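Residues per chain, in single letters:
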Amino acid sequence: MDHCELTTEPINVGAVARRVVPPECGATVTLDGYARRFTTRDSKVIETEYLVYEAYEEMALKEMQKLAAKAKEDFAISNVGIVHRTGKIEIGETSVVISVAAPHRKDAFAACEWLIKELKRTVPIWKKEIYADGEAWSEGEAAE
Amino acid sequence: MSDMRINVLFFGATADIVGKRREELEVDGEVSAGSILDELRTRFPYLAAQKLHISIEQEYASSDSIVKAGDEIAIFTSVSGG
């Protein structure tokens with residue numbers, strides 16, 4: 001069973017990884033994406049105090065489900081779990097978990113990388129970075 | 001052609017720029033997504049500096065997509081989840 005979810009609560013990474021495991025699988029690859037304190041931008045180090053994520057919830061869930069379905073078409077994998085947290089995220093806390101269960105690890109690694117890349121490109125969720133002296137909406141991967 | 005009302009939702013940077021989360025527009029009959037973007041850029045000039053995306057009924061749309069009465073429209077900047 002695939003599992004897509006948005007939550008304002010802390011994400012239990014292990015639980016997401018476990019719930020996608022069917023009997024034909026031998027490996028689950030799980031990405032645990034969490035809030036980074038230091039970011040280098042234009043060779044300047046920026047310190048983030050915390051993050052706030054906002055989602056267009058109905059559309060974000062639809063897009064996450066589309067990604068899970070497409071990944072299963074394109075890769076030899078069995079199940080996908082995608083959970084994204086919204087609201088305030090402290091440094092080091094998990095913002096996104098993607099778990100991919102597959103009969104063999106190679107396909108799970110490839111699908112997981114594809115899923116996070118596409119999630120950052122298409123799923124309507126926005127990240128605001130809060131610094132000591134201000135805040136800014138992140139411009140996403142394209143700008144990094 | 002009769003008047004129709006369209007509800008536009010804003011998220012993230014666009015919500016901050018316009019200072020609200022939704023705006024009601026009145027248009028004459030069917031319109032394109034592009035003409036809605038033009039109207040919003042006129043109402044909220046600061047939007048003009050942004051690269052904007054538009055969705056119709058929670059699906060990505062292009063500027064020539066047609067908006068019908070009752071459709072849920074959203075305007076937002078490039079996504080940055082993950």
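Nothing here was measured: the structure is a model prediction, and the numbers come from that model.

A. Examining the interface of chain A and chain B more closely. With 27 residues of chain A in contact, the opposing surface of chain B contributes 20 residues. Both sides of the chain A and chain B interface together cover about 1800 Å² of buried area, and 52% of this is carbon and sulfur. Broken down residue by residue, the surface that chain A buries against chain B is led by Tyr56(A), Met59(A) and Trp126(A), which jointly contribute 35%. At the junction of chain A and chain B, the tally comes to four salt bridges.

B. Representation of the nonpolar core in the model. Core analysis: the biggest nonpolar cluster contains 29 residues, and Ile82(A), Ile98(A), Val100(A), Leu115(A) and Leu119(A) have the highest contact counts within it. Sorting the residues of this core by element identifies β1 (3–7), β5 (50–55), α2 (57–74), β6 (79–85), β8 (94–102) and α3 (105–122) of chain A as the ones contributing at least two each. It is α3(A) that contributes the most residues to this core, seven residues altogether. Excluding residues within four positions of it along the chain, Ile82(A) makes contact with His3(A), Cys4(A), Glu5(A), Met64(A), Val97(A), Ile98(A), Leu115(A) and Leu119(A). One finds Val8(B), Leu25(B), Leu40(B) and Ile56(B) within the second-largest nonpolar core, a separate group that totals 21 residues.

C. Layout of the pairing of strand β10 (residues 134–137) of chain A. Residues and elements named next belong to chain A. Taken together, the four bridges between strand β9 (residues 125–131) and β10 define a ladder with antiparallel strand orientation. Bridged to glutamate 129 within β10 is alanine 136. The turn joining β9 and β10, which pair antiparallel and follow one another in sequence, is formed by two residues.

D. Highlighting helix α2 (residues 33–43) of chain B. All names here are of chain B. Along α2, the positions that sit buried rather than exposed are Ala33, Gly34, Ile36, Leu37 and Leu40. Viewed end-on, α2 has its buried residues packed into an arc of 155°, placing them on one side of the element. Where α2 is buried, its residues meet β1 (3–10), β2 (22–28), β3 (31–32), β4 (53–56), β6 (66–67) and β7 (72–76).

E. How the structure looks around the sheet that holds strand β5 (residues 59–61) of chain B. All names here are of chain B. Taken in spatial order, the five strands of this open sheet run β2-β1-β7-β4-β5, and their pairing is mixed. In the strand order of this sheet, the two ends are held by β2 and β5, each with one partner. The average undirected angle you get between the axes of adjacent strands in this sheet is 35°. Note: β1 against β2, seven bridges, orientation antiparallel. Note on β2: the bridge partner recorded for methionine 4 is valine 27. Against the sheet, α2 touches β1, β2, β4 and β7, its axis set at about 120° to β2.

F. Representation of the packing of α2(A) against α3(A) within the structure. All names here are of chain A. Between α2 and α3, whose axes approach to 10 Å, the crossing angle comes to 150°. Taken as axis vectors, α2 and α3 run roughly antiparallel relative to one another. Read as a crossing pair, α2 and α3 show a hand that is right-handed. In contact with Glu63, Leu67, Ala68, Lys70 and Ala71 of α2, α3 contributes Trp114, Leu115, Glu118, Leu119 and Thr122. Taken together, the residues that form the contact of α2 with α3 break down as six nonpolar, one polar and three charged.

G. Quick look at the pattern of salt bridges. All chains considered together, the criterion is met by 19 salt bridges over all chains. Lys72(A) is the salt-bridge partner of Asp2(A), the closest N and O atoms lying 2.9 Å from each other. Here Asp2(A), found in the segment before β1, pairs with Lys72(A), found in helix α2; they are 70 residues apart in sequence, far enough to count as distant. On the accessibility criterion, Lys72(A) (32% relative accessible area) is partly exposed. Among the salt bridges present, the one from Arg5(B) reaches Glu26(B), with a minimum N-O distance of 3.3 Å. Within this pair, whereas Arg5(B) is found in strand β1, its partner Glu26(B) is found in strand β2, the two being separated by 21 residues in sequence. Given a relative accessible area of 52%, Arg5(B) falls into the exposed group.

Criteria and thresholds
Each residue is numbered by its place in its chain's sequence as written, counting from 1. Chains carry letters from A onward and ligands carry numbers from 1 onward, assigned in written order. Side-chain atom pairs in this predicted model are given and counted only at pLDDT of 80 or more, local residue features only at pLDDT of at least 70, and totals for whole chains, interfaces and linings cover all residues. Think of the side-chain values as coming from all heavy atoms in the structure, minus any hydrogens and water. In what follows, a contact means two residues having at least one pair of non-hydrogen atoms within 4.5 Å. Two parts placed together each lose some accessible area; with a 1.4 Å probe, that loss summed over both constitutes the buried area. Counted as salt bridges are all cases of a side-chain nitrogen of Lys or Arg within 4 Å of a carboxyl oxygen of Asp or Glu. Buried residues of nine kinds, namely Ala, Val, Leu, Ile, Met, Phe, Trp, Tyr and Cys, make up a nonpolar core once their side-chain atoms join them within 4.5 Å. Exposure is judged per residue with a 1.4 Å probe applied to protein chains only, and the accessible area is read against the type maximum: over 50% gives exposed, under 20% gives buried, and values in between give partly exposed. Where helices and strands are cited, they refer to DSSP runs of H or I of at least four residues and of E of at least two residues respectively, numbered from the N terminus. Should DSSP find at least two bridges between two strands, the strands are regarded as paired. Here the arc refers to the set of directions running from the helix axis out to each C-beta atom. Fitting a line to C-alpha atoms yields each axis, with helices limited to the stretch in contact; the angle taken between N-to-C directions then spans 0 to 180 degrees. Roughly parallel means an angle under 35 degrees; roughly antiparallel, over 145; roughly perpendicular, 65 to 115; everything else is oblique. For a crossing to be left-handed, the near helix must be turned anticlockwise from the far one by less than a right angle; the clockwise case is right-handed. All residues other than Ala, Val, Leu, Ile, Met, Phe, Trp, Tyr, Cys, Pro, Asp, Glu, Lys and Arg, Gly among them, are scored as polar; the first ten of these are nonpolar and the last four charged.

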